Amino acid sequence: MISAPRGTRDILPGESWKWSYIVQTASKTMKDFGFSEIHLPIFEHTELFSRGVGETTDIVEKEMYTFEDRGGRSITLRPEATAGVMRAAIENNLCAQGASAKLWNWGPMFRHERPQKGRYRQFYQIDAESLGISNAAADVEVIALSIEIFRRLGLKNLEVVINSVGCEKCRPVYRQKLIEYFEKHKSDLCETCLTRLDRNPLRILDCKQESCGRVADGAPDIFDSLCDECREHFAEVRAGLERLGFTYTLNKRLVRGLDYYTKTAYEILSGDLGAQNAVAGGGRYDNLASAIGGNKIPGVGFACGLDRIMLVMEEQGCDFGQTPKTDAYVVALDDKSRGAAQVLTYELRKNKISAACDIAGRSFKAQMKSAGSCEFVCIIGSEELAAGTVSIKHDGSQISMPMNEAASYILKSKN
Ligand code: HAM
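This one's a predicted model, so the numbers in the text were calculated from it and none came from an experiment.

Student: Help me understand the overall build of the chain in this model?
Tutor: Each helix and strand counted, the chain has 15 helices and 16 strands in total. Computed over the C-alpha atoms, the radius of gyration of the chain is 28 Å, more than 25% above the 22 Å expected from 2.2 N^0.38 for a compact globule of 415 residues. Over its C-alpha atoms, taken along the principal directions, the chain stretches across nearly 90 × 50 × 45 Å. Residue burial in the chain is summarised as follows: out of 415 residues, 51% are buried. Pairs at least 24 residues apart make up 70% of the contacts formed inside the chain by residues separated by at least 6 positions. As displayed, the chain has an accessible area near 20,300 Å², and 49% of this comes from carbon and sulfur atoms. Separation of charge centres in the chain, based on 53 positive and 55 negative side chains, amounts to 2 Å.

What follows is the structure, given as structure tokens:
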């Protein structure tokens, strides 16, 4: 028996319709906010992520599914969508001459992480990116969009956490201050943080190890290092969120695991998820375009984890809309009527009525059992066959009618 690889899972019919409900809700919300859907390759040149996401990130250092293709090129299964969206925007001139583009997509992402509740190696993201606008209003719109998706899905007990991680002007100053500070507390840092010290000291700020956390508590405050532009931008983002009536928490140690962020960084956390508690994460990335070889295109976006949304919705007993159901079942009373039952089923389907009939040669009793949850039960036996009619059971009564009137009758009487 060959099983699915560790960290992957099958989304079976009992769950897949709920999955579709989430995507459809997100899709409608994206449309209401003026975002257009795009579809991107699932694999890209490895360089896109090493340059875009950052050489010193966990994702690039140890989590990517990278392989050489048959042409000898280094290819990577996308670990996230933002770098691919930016590549597509540059390649297709979507932001030429200062134009802006609001784009969304959803699909599988791949990271070789240690699997646990809410953390998979193939997981699904719903992703939105607003490209070409450097104003704080774009950050506010993106954050509002993510909150609105969760509001429509009925998620409760969420916390929006925001921070500013500075820009290429002020972050190097802050980075230096951090290195000097952490150097003095080296003995209290974990192995991983010691390796981060020179390469990516900001990541030490969000280390989950207790002793690192204690050291990080006393670390220099990023707000003392922000340049005027970043400070002003962040104040505008906060004012914008407050204008829309959102509450949020300020966490100066929120740095995110991807290197492309500038200025705003944010996450939406759920109180119902355990250790992997982020249902969405995002922020601004004004230097990503130039990092991957394009002209400067500012951007801000977020991605939410479909798998985690699903877990929270199940946990909180949220509504997934209508359960999928079949409207009509066509029962054949005897073997001779089976052909006609199949013809009527097809006729109903052509009229956009969801319909089923038995194709396994099962008994009348078994067919009636399958028909149990359908609003309409159409019965065809030798009498009906001879007369060209069908008997339809609906709402506790049964009527007979010409076979070719069944579809219009069902369409008229459907709940
Ligand atoms: P991220 O924080 O790495 O950001 O991922 C975003 C969300 O994807 C997380 O909050 C989580 O819900 C989900 N997620 C991440 N890893 C896993 C996993 N292994 N298993 C299940 N769910 C997971 C990004 O990917 C950025 N590209 C977001 C962004 C868009 N920033 C700007 N634009």
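From this point, things continue past the structure.
Student: What am I meant to see in the packing of aromatic side chains here?
Tutor: Aromatic ring pairs: the centre-centre distance and the angle between the two ring planes describe each pair. Overall, the coordinates contain eight aromatic pairs when judged by the stated rule. One Lys or Arg, arginine 9, reaches over the ring of tyrosine 120 and ends 4.4 Å from the middle of that ring.

Student: What exactly am I supposed to notice about the pairing of strand β4 (residues 74–77) here?
Tutor: Sheet faces and side chains relate simply in a regular strand, where the side chains alternate between the two faces. Where strand β2 (residues 43–45) lies against β4, three bridges are found, and the strand directions are antiparallel. Looking across to β4, one finds that glutamate 44 is bridged to threonine 76. Bridge count for strand β3 (residues 65–68) against β4 is four bridges, and the pairing is antiparallel. The residue bridging glutamate 68 from the neighbouring strand is serine 74, located in β4.

Student: In this structure, what is going on with the site of the ligand? I would like to understand it.
Tutor: Taken together, 27 residues surround the ligand, and among them Glu80, Glu113, Glu129, Tyr261 and Ala278 come closest. At a separation of 2.7 Å, a nitrogen atom of the ligand approaches a polar side-chain atom of glutamate 113. Contacts to the ligand include glutamate 129, whose side-chain N or O atom sits 2.8 Å from a nitrogen atom. A total of 650 Å² of accessible area belongs to the ligand in isolation, and the protein chains cover 96% of it. For the shell around the ligand, the secondary-structure elements that each account for two or more residues are β6 (122–131), β10 (278–284) and β11 (299–305). Residues belonging to the shell around the ligand are distributed by class as follows: eleven nonpolar, eight polar and eight charged.

Student: Can you walk me through helix α9 (residues 228–243) in this structure?
Tutor: Between its first and last C-alpha, α9 extends 22 Å over 16 residues, near the 22 Å set by a 1.5 Å rise per residue. Looking at α9, one finds that the buried residues are Cys230, His233, Phe234, Val237, Gly240 and Leu241. On an axial view of α9, the arc spanned by its buried residues comes to 125°, and they lie on one face. For α9, the exposed residues set more than 90 degrees away from the buried face come down to Asp228, Glu232 and Arg243.

Student: Any chance you could explain the nonpolar core here in plain terms?
Tutor: The nonpolar side chains of soluble globular proteins are, as a tendency, buried together. Counting 66 residues, the largest nonpolar core has Ile22, Met30, Phe182 and Phe302 as the members making the most contacts within it. Apart from residues lying up to four places away in sequence, methionine 30 is in contact with Phe35, Trp104, Ile126, Asp127, Ala128, Leu145, Ile149 and Phe302. Leu40, Leu48, Leu131 and Ala278 belong to the second largest nonpolar core, which has 31 residues in total.

Student: What's the story with the sheet that holds strand β12 (residues 328–332) in this structure? I'm lost.
Tutor: Whether parallel or antiparallel, the strands of a sheet pair through hydrogen bonds between backbone atoms. Read across the open sheet, the five strands follow the order β13-β12-β14-β15-β16; overall the sheet is mixed. A strand with exactly one partner marks an edge of an open sheet, and here the two such strands are β13 (355–357) and β16 (397–402). Across the sheet, the axes of successive neighbouring strands diverge by a mean angle of 25°, strand direction being ignored. Direction of pairing for β12 relative to strand β14 (residues 376–380): parallel, over a ladder of five bridges. When the sheet's bridge partners are listed, alanine 328 is paired in β14 with phenylalanine 376. The strands touched by helix α12 (residues 338–350) within the sheet are β12, β13, β14 and β15 (389–394), with β13 carrying the most contacts at an inclination of about 170°. On top of the sheet, helix α15 (residues 406–413) reaches β12, β14, β15 and β16; it is set at about 15° to β15, its chief contact.

Student: Explain the domain arrangement of the chain to me, please; I cannot follow it from the model alone.
Tutor: Put simply, an interface is often sized by how much accessible area is lost when its parts join up. As far as domains go, the chain holds domain 1 (13–170 + 226–315) and domain 2 (328–409). The C-alpha-based centres of domain 1 and domain 2 are spaced at 49 Å.

Student: Looking at this model, I keep getting lost on unusual backbone geometry. Mind explaining?
Tutor: Of note, asparagine 93 is a non-glycine position whose phi angle comes to about 55°, a positive value. Here asparagine 93 shows up in the loop between α4 (82–91) and β5 (101–110).

Student: When you look at the packing of helix α1 (residues 13–32) against helix α5 (residues 136–153) in this model, what are you seeing that I'm missing?
Tutor: Packing of α1 against α5 brings their axes to within 9 Å, and their N-to-C directions diverge by 135°. In terms of axis orientation, α1 runs oblique to α5. Like other packed secondary-structure pairs, α1 and α5 cross with a definite hand, here right-handed. Between α1, through Tyr21, Ile22, Thr25, Ala26, Lys28, Thr29, Met30 and Asp32, and α5, the contact on the second element is made entirely by Leu145, Glu148, Ile149, Arg152 and Leu153. In the contact of α1 with α5, the residues fall into seven nonpolar, two polar and four charged.

Student: What should I look at first to understand the sheet that holds strand β7 (residues 158–164) in this one?
Tutor: Read from one edge of the open sheet, eight strands run β1-β5-β6-β11-β10-β9-β7-β8, paired in mixed fashion. Unpaired on one side and paired on the other, β1 (36–37) and β8 (249–250) mark the two borders of the sheet. Across two bridges, the pairing between β1 and β5 is parallel. Looking across to β5, one finds that glutamate 37 is bridged to tryptophan 104. Relative to β11, α5 is tilted by about 15°, and along the sheet it contacts β5, β6, β7, β9 (264–270), β10 and β11. The strands touched by helix α11 (residues 306–315) are β5, β6, β9, β10 and β11; relative to β11, the strand with the most contacts, the crossing angle is about 50°.

What counts as what
- Residues numbered from 1 in each chain as written.
- Predicted model: local features only at pLDDT ≥ 70, side-chain atom pairs only at ≥ 80, totals over all residues.
- Heavy atoms only, no water.
- Helix = DSSP H or I, 4+ residues; strand = E, 2+ residues; numbered from the N terminus.
- Rg over C-alpha atoms; globule rule 2.2 N^0.38 Å.
- Buried < 20%, exposed > 50% of the residue type's maximum accessible area, 1.4 Å probe, protein only.
- Contact = heavy atoms within 4.5 Å.
- Areas by Shrake-Rupley, 256 points an atom, 1.4 Å probe, with all protein chains shown as cover.
- Lys, Arg positive; Asp, Glu negative; His and termini not counted.
- Charge placed at Lys NZ, Arg CZ, Asp CG, Glu CD.
- Phe/Tyr/Trp six-rings, centres within 6.5 Å; stacked < 30°, edge-to-face > 60°.
- Lys NZ or Arg CZ within 6 Å of the ring centre and 35° of its normal.
- Pairing = 2+ DSSP bridges.
- Near = heavy atom within 4 Å.
- Polar contact = N/O pair within 3.5 Å; in protein donor to acceptor, adjacent residues only side chain to side chain.
- Nonpolar A, V, L, I, M, F, W, Y, C, P; charged D, E, K, R; others polar.
- Expected span 1.5 Å × (residues − 1).
- Arc of directions from axis to C-beta.
- Core = buried A, V, L, I, M, F, W, Y, C linked by side-chain atoms within 4.5 Å.
- Axes fitted to C-alpha atoms, helices over the stretch in contact; angles between N-to-C directions.
- Domains from an automatic or database assignment.
- Parallel < 35°, antiparallel > 145°, perpendicular 65-115°, else oblique.
- Left-handed = near helix turned anticlockwise from the far one by under 90°.

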